[in-house]
Amino acid sequence: MTGPNWLNGNVDAASIDCTDFVVLVDELLEAFPQEGGPIVTRHLNECPPCVIYLQQMQDLRILLNLAFRDEKLDDTSVERVVSAITTLEEGFSDVR
Amino acid sequence: MGAAVGEPCSDLRIGGQPLVDLVRDYHRPMVGFARTLVGSASAAEEVVQEAWLQVIKSAATFEGRSHEATWLFGIVRNTALRHRRRESTIREHEQLAQEGADPLEGRMHPPGHPQGGHWSVPPTERFLPENHVVAQELAEELRLALEEIPPRQRQLVILRYVVGLSAEEAGEVAQVDGQAQRALLYRARGNLRSALERRCSR
């Protein structure tokens, strides 16, 4: 994958197409560089499918947060893991 | 130098953080990350146990110059790679060819077409309705879909979106430069998006 043309700094707004936009979405969802704002806004104004694509990627972020919000262990599991590590460590100490 | 003699692991602190807090916050993502580097779930569990031992041994050497998660995941990575060398098996999942497919292949008109560079098969609807009622169900689908994407893409999704590392920190742990990381994340998000799209069109 190569970067979109405008990121190379030599292209005007008219050259942004959907292929460029789907790459730009990543930047848009991160910290969007100021110079890209009007170019992307203009494309979005003219391209309903890319508006939907952007919304889908925003939804993806929401769903990723939701899918992994319970990744933290509960107290019992923490105790179990720490106990396993302690046992392992004691085993290594005995060998040494 | 690691934990002081006689000091229980549970009292150990790493960069000011109690070990138990790190276990609570990072154990599960560490297993998920290790799973991208070794061949089975049980091997990933073993790797993370070994990694915790290494963390305890090296606790005193953590200088706090990096985020503790960057340090922890770096240890997991090194431990997993050692583990993999011990197994000395070239696994199918190491083949990078599978990383290459563009998730949007066939969805855009090709160059030369009158509408080249624009959608030929456009997305039709967002995934989440306004009231987000199906969100939990879709989130579960997403968890399953994450298991299916190529390991290097999965690594970066875990590091960036589950653990919350910055691009620089994730690049340091996964040992990929900025451009490669952007490419892998582009494909990862595209693959996950495609999975949700398939789910929503059923």
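Throughout what follows, the structure given in this document is the object of discussion. This structure is a prediction, so every number in the text was calculated from the model and none was measured. (Residues numbered from 1 in each chain as written. Chains lettered and ligands numbered in written order. Predicted model: local features only at pLDDT ≥ 70, side-chain atom pairs only at ≥ 80, totals over all residues. Heavy atoms only, no water.)

1. Some details on the packing of aromatic side chains
Put simply, the rule reads: The criterion for an aromatic pair is that two Phe, Tyr or Trp rings (for Trp, the six-membered ring) have centres within 6.5 Å, with stacked assigned to planes under 30 degrees apart, edge-to-face to planes over 60 apart and tilted to the rest. Secondary structure elements follow DSSP: runs of H or I of four or more residues count as helices, runs of E of two or more count as strands, with numbering from the N terminus. Relative accessibility under 20% of the residue-type maximum defines a buried residue, over 50% an exposed one, and the middle range a partly exposed one, all with a 1.4 Å probe and only protein chains included.
Inspection of the entire model under this criterion finds 4 aromatic pairs over all chains. Here the aromatic rings of Tyr-53 of chain A and Trp-119 of chain B are separated by 5.4 Å at their centres, their planes lie at 50°, and the arrangement is tilted. Of the two residues, Tyr-53 of chain A sits in helix H3 (residues 48-67) while Trp-119 of chain B sits in the loop between helix H3 (68-87) and helix H4 (135-148), which places them in two different chains. Ring geometry for Tyr-26 of chain B against Phe-73 of chain B: centres 6.2 Å apart, planes inclined by 90°, an arrangement best described as edge-to-face. Here Tyr-26 of chain B is found in helix H1 (residues 19-35), whereas its partner Phe-73 of chain B is found in helix H3, with 47 residues between them in sequence. Residue classification places Tyr-26 of chain B among the buried residues on the basis of a relative accessible area of 10%. Through a chain of ring-to-ring contacts, three or more aromatic side chains come together here, namely Tyr-26, Phe-33 and Phe-73 of chain B.

2. Description of the packing of H3 of chain A against helix H7 (residues 178-201) of chain B
Rules: The convention used is that axes are lines fitted to C-alpha atoms, helices contributing only their stretch in contact, and that angles between N-to-C directions extend from 0 to 180 degrees. Here the angle decides the label: under 35 degrees means roughly parallel, over 145 means roughly antiparallel, 65 to 115 means roughly perpendicular, and every other value means oblique. The contact criterion used throughout is that any non-hydrogen atoms of two residues lie within 4.5 Å. We call Asp, Glu, Lys and Arg charged. Ala, Val, Leu, Ile, Met, Phe, Trp, Tyr, Cys and Pro are nonpolar, and the rest, Gly among them, are polar.
The contact between H3 of chain A and H7 of chain B brings their axes to 10 Å, and the two run at 95°. Classified by the interaxial angle, the pair formed by H3 of chain A and H7 of chain B is roughly perpendicular. Where H3 of chain A abuts H7 of chain B, its residues Tyr-53, Gln-56, Met-57, Leu-60, Arg-61, Leu-63 and Leu-64 of chain A lie against Arg-189, Gly-190, Leu-192, Arg-193, Leu-196 and Glu-197 of chain B. The residue makeup of the contact of H3 of chain A with H7 of chain B, split by class, is 7 nonpolar, 2 polar and 4 charged.

3. With respect to the interface of chain B and chain A
Note the cut-off: By definition, the buried area sums, over both parts, the 1.4 Å-probe accessible area that each loses when the two are put together. Take a side-chain nitrogen of Lys or Arg and a carboxyl oxygen of Asp or Glu: if they are within 4 Å of each other, that pair is a salt bridge. N or O atoms within 3.5 Å of each other form a polar contact, as long as, within protein, one can give a hydrogen and the other can take it, and as long as residues adjacent in sequence are counted only when both atoms are side-chain atoms.
Each partner contributes to the interface: chain B provides 50 residues, whereas chain A provides 44 residues. Each partner contributes to the roughly 4500 Å² buried at the junction of chain B and chain A, and carbon and sulfur atoms together form 67% of this total. Of all residues in chain B, Arg-24, Arg-28 and Arg-189 of chain B give up the largest surface area on contact with chain A, accounting jointly for 14% of the area buried on that side. Seen at the junction of chain B and chain A, the total is 3 salt bridges. Across the pair Lys-72 of chain A and Asp-25 of chain B runs a salt bridge, and its minimum N-O distance is 3.7 Å. Our count for the contact surface shared by chain B and chain A stands at 12 residue pairs in polar contact (both at pLDDT 80 or more).

4. Regarding the nonpolar core
We apply this condition: For the purposes of this section, nonpolar cores are sets of buried Ala, Val, Leu, Ile, Met, Phe, Trp, Tyr and Cys residues that join through side-chain atoms within 4.5 Å.
Core analysis: the largest hydrophobic core is formed by 89 residues, its most contacted members being Leu-63 of chain A together with Trp-52 and Phe-73 of chain B. For Phe-73 of chain B, the contacting residues outside a window of four places in its chain are Tyr-26, Pro-29, Met-30, Phe-33, Leu-159, Val-163 and Val-173 of chain B.

5. Structural notes on the pattern of salt bridges
In the structure shown here, the tally under the stated rule is 9 salt bridges over all chains. One salt bridge in this structure joins Glu-197 of chain B and Arg-193 of chain B, with 3.3 Å as the shortest N-O distance. Separated by 4 residues within a single helix, Glu-197 of chain B and Arg-193 of chain B lie in helix H7, roughly one turn from each other. Relative accessible area serves as the criterion here: at 18%, Glu-197 of chain B is assigned to the buried category. The class of Arg-193 of chain B is buried, set by a relative accessible area of 0%. Through salt bridges with shared partners, a single ionic network connects Asp-75 of chain A together with Asp-21 and Arg-24 of chain B.

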